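In case you want the letters, here they are:
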Amino acid sequence: YRALQTRQLRQSVHAQQLALEQHASSLAQQVDERTQDLMRSNAELAAANDAKELMLRMVSHELAGPISSLKGMQQLTSRRLQRDAPRDQIEQAFQLMARSLARIERLIQDLHDAAHIQTQRFLVTYKPCNLEELCQQVLSEFTNGDAPTPTYQGVPGASPISAEVDPQRISQVLLNLLSNARKYSPPNTPIIVQLQQQAVAVAIKVCDQGIGIPSSALNRIYDQFYQVPESEVQTGPANGLGLGLYIANAIVKQHHGQLQVESIVNEGTTLTVVLPVSAESALVDIDAQPSTTSSCLTWALTYTHLS
Ligand code: ADP
């Protein structure tokens, strides 16, 4: 009887030992998994931290330029005022200060918009809008005395090209595309803007003859803070934060449209904003529609004295 008891005891000890071993190995596996999770989230945290640092560096670098030129102009103006300099010298200094302030304002607005896009608090207010007038206004604002304001030849008798859009947001997109076209093109090269009426959409094209974008970078240009490596600003002082196209793309998407890009290095770039004409056509897949153009207006922008 005792022998039987001992055997049963041994068997139960063995079973418990097995269960313990299994438990230990499952614990070891859990520890392993948790360690890997921890390492992954540590790596993600480090990457997020790097991105934050890069962003802070870019923001402070971008703000430093206009602020230091503002400071320089302010000191110069007070010296000019002390020695009763001619009025046009003072006015010129004020104009330059206004430009620096506009750059600072733009940067802050871009950061604000990018934050709102990320938290999905970015709204558009649709209104029926004459796009011919909108393009004309944006082009006048953009040239702002630096170049002759381009105008277009309307088609007599044709109804104006219009769509339901948020005019302020679409103007912001166009201004951004125009400023990129100028930034990344040599001085004095033309920029062409075309407004096209298509079946259920309107297209606004901004074409430049600038440095172009390598095909390997084309799918990254809408990323936040992305700048094509080694692409240098060709015209004007503004550098940018790599937020312009991120915001433009978000605005166009919010309108259920598409921002398309075509580019050839050293030949030029065309960015096209395709927008549905109305909220109903927003539901129709733009890609599935023929893109036959029934009407097209063209503005040609040429700079003669920009550097
Ligand atoms: P940035 O503030 O750097 O101009 P954007 O988001 O507007 O940022 O553009 C992202 C990048 O795409 C730019 O840094 C530039 O390298 C490239 N890019 C944008 N537009 C053009 C263009 N018209 N021609 C050539 N490169 C462009």
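Below, the structure is looked at part by part. (Residues numbered from 1 in each chain as written. Predicted model: local features only at pLDDT ≥ 70, side-chain atom pairs only at ≥ 80, totals over all residues. Heavy atoms only, no water.)

Some thoughts on the overall build of the protein
We apply this condition: Starting at the N terminus, helices and strands are each numbered in turn, a helix being any DSSP run of H or I of at least four residues and a strand any DSSP run of E of at least two. Based on C-alpha atoms, the radius of gyration is set beside the globule rule, defined as 2.2 Å times the residue count to the power 0.38. Three exposure classes are used, based on accessible area relative to the maximum for each residue type with a 1.4 Å probe and protein chains only: buried under 20%, partly exposed in between, and exposed over 50%. The contact definition used throughout considers only heavy atoms, calling two residues in contact when any of these lie within 4.5 Å. In short, Shrake-Rupley with a 1.4 Å probe defines the accessible areas, and a residue's cover is counted only from the protein chains shown. Positive charge is attributed to Lys and Arg, negative charge to Asp and Glu, and no charge count is given to His or to the chain ends. In plain terms, the charge of a residue is placed at NZ if it is Lys, CZ if Arg, CG if Asp and CD if Glu.
Within the protein, the secondary structure is distributed over five helices and seven strands. For the protein, the α and β elements follow one another from N to C terminus as α-α-β-α-β-α-β-β-α-β-β-β. Over its C-alpha trace the protein gives a radius of gyration of 30 Å, far above what one expects of a compact globule, namely 19 Å for 307 residues. Each principal axis of the C-alpha distribution contributes one length, and for the protein these read about 120 × 60 × 35 Å. With 307 residues in all, the protein has 37% of them scored as buried. For the protein, the proportion of contacts with a sequence separation of at least 24, taken over those separated by at least 6, is 74%. For the protein, the exposed surface amounts to about 18900 Å²; the carbon and sulfur share of it is 53%. Looking at the protein, you have 23 positive and 29 negative side-chain charges, and the mean spots of the two groups are 10 Å apart.

Thoughts on unusual backbone geometry
Peptide bonds are, in most cases, trans, and in most cases residues other than glycine have a negative phi. Despite not being glycine, Gln120 has its phi angle at roughly 55°, a positive value. Among the structural elements, Gln120 can be located in the loop between α2 (87-118) and β1 (127-130). Given the relative accessible area of 71%, Gln120 is considered exposed. Residue Asn188 is not a glycine yet carries a positive backbone phi of 75°.

A short note on the pairing of strand β6 (residues 268-276)
Two faces, one strand: in a regular strand the side chains alternate between the faces of the sheet. Cut-off, in case you're wondering: Strand pairing is defined by DSSP finding a minimum of two bridges between the two strands.
The buried fraction of β6 is high, at nine of nine residues. Burial along β6 is two-sided: the residues Gly268, Thr270, Thr272, Val274 and Pro276 and Thr269, Leu271, Val273 and Leu275 are all buried. The pairing of strand β4 (residues 201-208) with β6 spans eight bridges and is classified as antiparallel. Residue pairing across strands places Lys205 opposite Thr272, the latter belonging to β6. As paired elements, strand β5 (residues 258-264) and β6 share seven bridges and run antiparallel to each other. Looking across to β6, one finds that Ile264 is bridged to Gly268. If you look at the hairpin formed by β5 and β6, you'll find three residues sitting between the two strands, and Asn266 has a positive phi there, around 65°.

Description of the site of the ligand
The criterion, for reference: Here a residue counts as near a molecule or strand whenever at least one of its heavy atoms sits within 4 Å of it. Whenever a nitrogen or oxygen atom comes within 3.5 Å of another N or O atom, the pair is scored as a polar contact, on the condition that within protein one atom can donate a hydrogen and the other can accept it, and that pairs from neighbouring residues in sequence are kept only if both atoms are in side chains. For this scheme, ten residues count as nonpolar: Ala, Val, Leu, Ile, Met, Phe, Trp, Tyr, Cys and Pro. Four count as charged, namely Asp, Glu, Lys and Arg, and the remainder, Gly too, count as polar.
Near the ligand you find 19 residues, and of these Lys183, Tyr184, Gln227, Ser231 and Leu245 are the closest. Taking Asn180, its side chain carries an N or O atom lying 2.9 Å from an oxygen atom of the ligand. Backbone polar atom of Leu241 to an oxygen atom of the ligand: 3.2 Å apart, as the coordinates give it. Coverage of the ligand by the protein amounts to 98% of the 530 Å² it exposes when considered alone. Breaking the shell around the ligand down by element, the ones donating at least two residues are α4 (167-183) and α5 (244-254). Tallied by class, the residues present in the shell around the ligand amount to eight nonpolar, nine polar and two charged.

Things to note about α2
Selection criterion: By this rule the span expected of a helix is its residue count minus one, scaled by 1.5 Å.
Taking 1.5 Å per residue, 32 residues should reach 46 Å; α2 reaches 47 Å between its end C-alpha atoms and fits that length. Those residues of α2 not exposed but buried are Ile90, Ala93, Met97, Ser100, Ile104, Leu107, Asp110, Asp113, Ala114, His116 and Ile117. Summarising the contacts, the buried residues of α2 are in contact with α1 (2-82), α4 and α5.

Considerations on the pattern of salt bridges
Counted only if it meets this: Take a side-chain nitrogen of Lys or Arg and a carboxyl oxygen of Asp or Glu: if they are within 4 Å of each other, that pair is a salt bridge.
Applying the stated criterion across every chain, the model contains five salt bridges. Arg87 serves as the salt-bridge partner of Glu91, at 2.9 Å between the closest nitrogen and oxygen. In this pair, Glu91 and Arg87 both sit in helix α2, four residues apart, roughly one turn of the helix. By relative accessible area, which is 40% here, Glu91 ends up partly exposed. For Arg87, a relative accessible area of 65% corresponds to the exposed category. One salt bridge in this structure joins Arg106 and Asp110, with 2.9 Å as the shortest N-O distance. Here Arg106 and its partner Asp110 are both found in helix α2, four residues apart, which amounts to about one turn of the helix. Exposure remark for Asp110: the relative accessible area of 12% places this residue in the buried category.

Looking at the side chain of Glu62
Its location among the elements puts Glu62 in helix α1. In this structure Glu62 is buried but unpaired, with Arg103 as the nearest side chain of opposite charge at 4.4 Å. Contacts of Glu62, omitting those with residues within four sequence positions, involve Arg103, Leu107, Asn239, Gly240 and Leu241.

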